[in-house]
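Fold and contact review
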Amino acid sequence: MSASENANIKVHRRPIIAPYNDQEAILIPNPEVFRRKLHDLVNGGSHNVEVISDYDFTLSRFRIGNQKGKSTYQVVEAGALSGDKLQETHDLYSYYHPIEVDPHIPHDEKERLMHEWWDKSNEIILSVDIHRSMLYDFIMDSNLHLRHGVDRVLHHCDRNLIPFTIISAGCGNIIEVSLEEYLEHEKLEIHSNFMIGDCEGRYTHWSEPALRTLNKNLVLRDRPVKPNIILLGDMISDIKMIEHATYNDALKIGFLNEPSSYVLDAYKEAYDILILNDGNMSLIELILSLVTGEAFNIDDYPSLQALKDYLPSLVRN
Ligand SMILES: [Mg+2]
């Protein structure tokens with residue numbers, strides 16, 4: 001870590017980065033496809049690569065101890081709401097979340113219902129007084145944790161001028177505060193839903209257009225991206241973030257946080273490599289290191305040993 005990276009470390013009221021999770025496992029569904037994509041990524045070099053990432057349960061942990069981790073929306077709701085209003089948002093989650101993850105509901109119907117959910121939630125949130133100054137405490141009082149290694153990955157991208165683009169249907173204000181130390185990174189971009197305040201700092205409305213699970217693909221429709229993409233997501237629909245983007249190839253890395261509640265085969269179909277059991281960011285750091293030529297000691301990470309088979313073939317052209 002450089003001196004300037006050290007200078008930017010903020011001392012938080014509690015750690016915001018989760019400890020290393022040694023339960024992580026790596027699964028490569030199709031070794032030949034993975035080998036080819038990794039080879040092309042490394043040969044393309046750092047100036048040709050961009051990271052496109054989801055936030056909730058991709059950059060943040062899905063579970064902390066025995067508790068389910070809070071999403072960015074849940075952090076705001078738990079911090080700002082109480083009594084009946086908080087219960088209302090819980091009821092909305094119980095009703096709409098099963099729809100969100102149900103692969104059998106037609107796309108258009110699901111999109112309509114997701115809009116309905118967010119509109120109702122957003123209205124409840126802004127019905128109480130929320131100021132920007134409250135958000136840090138909302139996060140510290142919640143169990144939101146960034147995955148182990150998020151800091152190193154963001155610094156790695158910053159040092160090498162690799163764009164790191166976050167596309168989230170969550171609450172962008174919480175994302176910004178959680179990543180406050182990295183916001184000055186020239187290539188870090190956050191596309192999300194932002195609460196916008198009046199002149200006294202009280203939030204009064206939401207940014208438009210609303211970004212939902214199923215329209216995250218619109219962000220990169222008219223925005224150029226690098227030819228090689230490293231995509232990070234935790235839901236099957238996250239791979240659609242790049243469906244309207246123009247690029248050569250994408251290495252898709254999926255966090256399958258709770259294998260029992262999802263269909264493993266569908267994830268194996270969607271992603272080139274899976275990080276199981278709510279793992280860490282060390283795989284992404286390894287891949288970035290291969291692209292940039294920076295040192296990375298794979299022997300420090302037992303779960304990454306399977307990757308060793310792929311490394312000898314990575315000879316740069
Ligand atoms: Mg997510």
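The residue count restarts for each chain, going from 1 along the sequence in the order it is written. Owing to the predicted nature of the model, reporting of local features is limited to residues with pLDDT of at least 70; listing and counting of side-chain atom pairs is limited to 80 or more, with chain, interface and lining totals taken over all residues.

Three exposure classes are used, all based on how many other C-beta atoms lie within 10 Å of a residue's own C-beta (placed from the backbone): buried at 20 or more, exposed at 12 or fewer, and partly exposed between those limits. For helices the rule is a DSSP run of H or I covering at least 4 residues; for strands it is a run of E covering at least 2, with both sets numbered from the N terminus onward. Of all the positions in helix 7 (residues 150–159), only Val-150, Asp-151, Val-153, Leu-154, His-156 and Cys-157 are classed as buried. Its buried side turned inward, helix 7 meets strand 2 (49–53), strand 5 (164–171), strand 6 (188–193) and helix 10 (282–292). Of the residues one or two after helix 7, Leu-161 is the one with positive phi, at around 55°. Here contacts are defined at the residue level, using C-beta atoms placed from the backbone and a cut-off of 7 Å between them.

For the rest of this paragraph, the subject is the sheet that holds strand 9 (residues 228–233). Between any two strands, pairing holds if DSSP finds at least two bridges. An order of 1-11-10-9-2-5-6 is seen for the 7 strands of this open sheet, with the pairing classed as mixed. Each edge of the open sheet carries a strand with a single partner, namely strand 1 (25–27) and strand 6. Mean inter-strand twist for the sheet, computed between neighbouring axes without regard to direction, equals 15°. As paired elements, strand 2 and strand 9 share 5 bridges and run parallel to each other. Residue pairing across strands places Ser-53 opposite Leu-232, the latter belonging to strand 9. Helix axes are fitted only over the stretch in contact, all axes being lines through C-alpha atoms; the angle between N-to-C directions runs from 0 to 180 degrees.

This part takes up the domain arrangement of the protein. We note that the domain assignment places domain 1 (3–66 + 145–310) and domain 2 (67–139) within the protein. Domain start and end points were adopted from an automatic or database domain assignment. A C-alpha centroid distance of 22 Å is found between domain 1 and domain 2. Every contact between the two is made by 31 residues of domain 1 and, on the other side, 26 residues of domain 2. Those elements that provide at least two residues to the side of domain 1 that touches domain 2 are strand 3 (63–64), strand 5, helix 8 (172–178), strand 7 (195–197) and strand 8 (203–206). Ranked by residues supplied to the side of domain 1 that touches domain 2, first place goes to helix 8 with 5 residues.

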